[in-house]
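Descriptive structure summary
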Amino acid sequence: QLQASGGGLVQAGGSLRLSCAASGRTFSNYAMGWFRQAPEKGRESVAAISWSGGSTYYADSVKGRFTISRDNAKNTVYLQMNSLKPEDTAVYYCAQDQVWRRWPPQGYRYWGQGTQVTVSS
């Protein structure tokens, strides 16, 4: 099970940190990814991190502003989002899979519910 949290309403230029707590599986055996979906748009890959956290990848649209990290002791993956823009408004989802596909992260098997991020201009 994956439980995402940390979304909310923030002004442009602000920051949020999303968390995704995992349970039921050995967390360190799974690559993790963050995805988002804006209204009337398709799902977009945001960031991905390998099992140990040693490799990370980002969408060009968030590179330099977002940071993905994980704490395997806490079974949690994070997405630190800085310099937020109105176009970052979306529902953000975390997902996991045992296969590390680098980028783009495709075919993730397990998904959590989303958390809404709204960035006002």
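The structure reproduced in this document is the subject of the present report. All residue numbers refer to position in the chain's written sequence, counted from 1. pLDDT decides what is reported in this predicted model: residues at 70 or higher carry local features, side-chain atom pairs at 80 or more are listed and counted, and totals for whole chains, interfaces and linings draw on all residues regardless. Note that the side-chain values use all heavy atoms of the structure and ignore hydrogens as well as water.

Some details on unusual backbone geometry
Between Trp-103 and the following residue, Pro-104, the backbone shows a cis peptide bond with an omega angle of -5°. A run of DSSP states H or I qualifies as a helix once it reaches four residues; a run of E qualifies as a strand once it reaches two. Both are numbered from the N-terminal end. In this structure, Pro-104 sits in the loop between strand S9 (90-97) and strand S10 (110-111). With a phi close to 65°, Glu-40 is a non-glycine residue in the positive phi region. If you trace the backbone, Glu-40 turns up in the loop between strand S4 (31-37) and strand S5 (43-49). Using a 1.4 Å probe on the protein chains alone, a residue whose accessible area is under 20% of its type maximum counts as buried, one over 50% counts as exposed, and one in between counts as partly exposed. Here Glu-40 falls in the exposed class, since its relative accessible area comes to 86%. Positive phi, close to 60°, is recorded for Arg-102, a residue that is not glycine. Assignment of secondary structure puts Arg-102 in the loop between S9 and S10. The partly exposed category is assigned to Arg-102, whose relative accessible area is 49%.

A short note on the environment of Thr-89
Position of Thr-89 relative to the elements: it lies in the loop between strand S8 (76-81) and S9. Along the chain, Thr-89 and Thr-118 lie 29 residues apart, while their C-alpha atoms are 4.6 Å from each other. Sequence-distant contacts of Thr-89, that is, excluding residues within four places in its chain, are made with Ala-38, Gln-116, Val-117, Thr-118 and Val-119. Under the rule applied, a polar contact is a pair of N or O atoms within 3.5 Å (in protein, one hydrogen donor and one hydrogen acceptor; residues adjacent in sequence only if both atoms are side-chain atoms). One polar contact links the side chain of Thr-89 to the main-chain amide nitrogen of Val-119, over a distance of 2.9 Å. Residues count as neighbours in contact if any of their non-hydrogen atoms are within 4.5 Å of one another.

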